[in-house]
Amino acid sequence: MSFLYAILIDPFVQMAGAPDLLVQTLWEGLVGGVLYALIALGFVLIFKASGVFNFAQGIMMVFAALTLVGLHEKGVPAFLALALTIVVMLALAFAVERVILRPLVNQPDIILFMATFGLTYVLIGLGELLFGGNPKNMITSELLLPSGSLDFKILGGLVSLQKIDIAAAIIASLMVAILAVFFQKTRIGRALRAVADDHQAALSVGISLDQIWVIVWFTAGLVALATGIMWGARSNVSFALEIIALKALPVLILGGLTSVPGAIVGGLIIGIGEKLGEFYWGPLVGGGIESWLAYFIALAVLLFRPQGLFGEKIIERI
Amino acid sequence: MFYREAGQYKTTYQADMSIFPILQDRMGLALIITAALLLPLFAGEFMIASVMVPFLILALAAIGLNILTGYTGLVSLGTGAFMGVGAYACYKLSTAFPAINILVWIVVSGFVSCSVGVLFGLPSLRIKGFYLAVATLAAQFFLQWCFVRIPWLYNYNPSGAIEVPSRTLFGLHVTGASATPTTRYYIALAIVVGITWIVSNLVHGRVGRSFMAVRDMDIAAQLIGIRLLRTKLLAFAVSSFITGVAGAMMVFLWLGAAEADAFNINQSFILLFMVIIGGLGSLIGSFFGAALIYIMPIIVRTAPESFGLTIGAATVEHLTYLITGALIIFFLIVEPLGLARLWQIGKQKLRVWPFPY
């Protein structure tokens, strides 16, 4: 009975008892969720346009951040380093299209999935070879990003918001908005949507698949760079971030593999869910449940909606 | 291998259905097994303890994953954790009942892993493809969390690691610090050959065919009368049994002690590489894949020294990553169906040599 009480009632009593803590937890979950959503967004872009389940998205994020910081350490001014990193991501997109996608076109999904695994290893090896394996600090102030925290006195307590988190949330929403406009209003955006719908039909109306893939991978690279800067500013830049990037997978399947809004909503659900779970229910089982809670939330949703919350309904034909 | 099979007639159904219908193939297999048996006479300790034993164990785990991913088409990213279940079960059982033969416990721990596997296999009925792959990540992270947070599993050992107790078999030390690499090699060889033989019979029979039907199209398989729930769960059961045994062997015959981190997500990924590079749905491919993925980094690490170059340990580590990744991509582009397919093509080419049609 007391066990049931501890699971079902006590956490809510705690929430009501200390609303400021609840707000703080929700905020942290929200920010974490936004960043998960950004990684998932990169996945969705590539999956929609090329049907590739890009496992390397998380590593691209670390690689981009590492390139930025590494270049700055070698004496390049911050904004020049940023520009150079963007050039590197463009080169990466070209290389991926040339070396991986083009020879493997029309192969089964799992083969392409495995190829992005190979890409993951190459990027880890390359990144560590060029810039060393030690964790690095993100050049936050050089990029004119705010630091420090804002404290609010509400609900009879103190809620402290990191300025960098606020910046992250703003940049993330801006990016999603820009992407949405890009997809809906521009010529290339329409071409991207056409390719996502049907490769062959797109080809037949004169859309170049090669070009589209480069653009998509480059866009995903830019998203990865932005995410990398934000995550890097919160902790530091190292390949340990890879585990965080894996969290984008439950976000992705929760929202549905093909849906941009799904990635956002999924990210927020997972981010807030896991922070609340860790803070209020975690102590009951010894803590650390953050490492797997996200996957169980996603699993629970999938059992009721196998295509995710916003995914296209899976229709199977013989 | 320029052999001819002319004059080998099959006069019974049994001969027609045999796995190695050609005499030369059977002789080749016997040769490989003899070579494996005689290897400790020629090879050094490093070769046996650090190359052959891990290779055999990883190949066994790859076979386990291949049953699930290659034969039944259910992608799993939780193999490392199932190996961990086997290892921890074997450790608990053998420390709780030290009198009973360790080989018995290695097999029984396979059954423990089997039941956990079936539990996590349940969602596979509704969830498919990449969605299922991510769902198996739940098993991976949850089980790994259990290995760290439940002290009962490692007998409240302050270091948090499981250490292999010394056990004997017919008066010989087979596990623990005093067991010689040769003994451990023979035990591993016996288990791997035995399980491979059983699995080979399984996948060539009715069960294996129903697995493959489910892989190719599960709705169609259901229509021809294959019960999906039973088949998918059976695939999970067989697969996690084998990976569990491999996990127990990994700790007891190879590492000697392990922490939860030995069964992390990277282990799962590496096994998946082995299966895909080796060849989905091929037993010999599992061995090829394990050899390539496990032995290649060893060569990369030792190669610079033999050329007289000195490169820092960290650089070598990074290069290993780089080269492994590049090779994965290379092999996928050259032959997406894996090394097993290359092997088949090579054999066929040699058969028709010198008059290819």
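Residues numbered from 1 in each chain as written. Chains lettered and ligands numbered in written order. Predicted model: local features only at pLDDT ≥ 70, side-chain atom pairs only at ≥ 80, totals over all residues.

Undergrad: Requested: an account of the overall build of chain A, with residues and values cited.
TA: Check the secondary structure of chain A and you find 14 helices and two strands. By the compact-globule yardstick of 20 Å for 318 residues, chain A fits well, its C-alpha radius of gyration being 21 Å. Seen along its three principal axes, the alpha-carbon backbone of chain A occupies a region of about 65 × 60 × 35 Å. Looking at chain A as a whole, 44% of its 318 residues qualify as buried. (Helix = DSSP H or I, 4+ residues; strand = E, 2+ residues; numbered from the N terminus. Rg over C-alpha atoms; globule rule 2.2 N^0.38 Å. Buried ≥ 20, exposed ≤ 12 C-beta atoms within 10 Å, placed from the backbone.)

Undergrad: Kindly report on the overall build of chain B, identifying the contributing residues and their values.
TA: From N to C terminus, chain B includes 14 helices and four strands. Taken over the C-alpha trace, chain B has a radius of gyration of 21 Å; the compact-globule value for 357 residues is 21 Å, and the two agree within 12%. For chain B, the C-alpha atoms occupy an extent of roughly 65 × 60 × 45 Å along the three principal directions. When burial is assessed residue by residue, chain B has 44% of its 357 residues classed as buried. Pairs at least 24 apart in sequence give 75% of the contacts found in chain B among residues at least 6 apart. (Contact = placed C-beta atoms within 7 Å.)

Undergrad: Please provide a residue-by-residue account of the interface of chain B and chain A, values included.
TA: Interface size, as often reported, equals the accessible area lost upon joining of the parts. Taken together, the contacts link 34 residues of chain B with 38 residues of chain A. Sorting the residues of the side of chain B that touches chain A by element identifies helix H6 (129-149), helix H9 (218-223), helix H11 (265-278) and helix H13 (313-334) of chain B as the ones contributing at least two each. With 13 residues, the top contributor of residues to the side of chain B that touches chain A is H13(B).

Undergrad: Explain helix H2 (residues 23-42) of chain B residue by residue, including any values.
TA: Since there are 3.6 residues in each turn of an α-helix, residues three or four apart along the chain are aligned in direction. Residue and element names in this part refer to chain B. Across its 20 residues, H2 extends 28 Å between first and last C-alpha, which sits within 8% of the 28 Å expected from 1.5 Å per residue. Of all the bends in H2, the greatest, near 35 degrees, is centred on Ala36, and the proline Pro40 appears no more than four residues after it. Where burial is concerned, little of H2 is hidden: zero out of the 20 residues are buried. (Expected span 1.5 Å × (residues − 1). Bend = angle between axes of the 7 residues up to and from the residue.)

Undergrad: Explain unusual backbone geometry residue by residue, including any values.
TA: Residues other than glycine predominantly adopt negative phi, and peptide bonds predominantly adopt the trans conformation. Residue and element names in this part refer to chain B. Phi is positive for Asn155, which is not a glycine, with a value near 55 degrees. Positionally, Asn155 belongs in the loop between H6 and strand E1 (162-163). Although it is not a glycine, Tyr156 adopts a positive phi angle of roughly 55 degrees. Take Tyr156: it is sitting in the loop between H6 and E1.

Geometric values such as these leave the question of function open.
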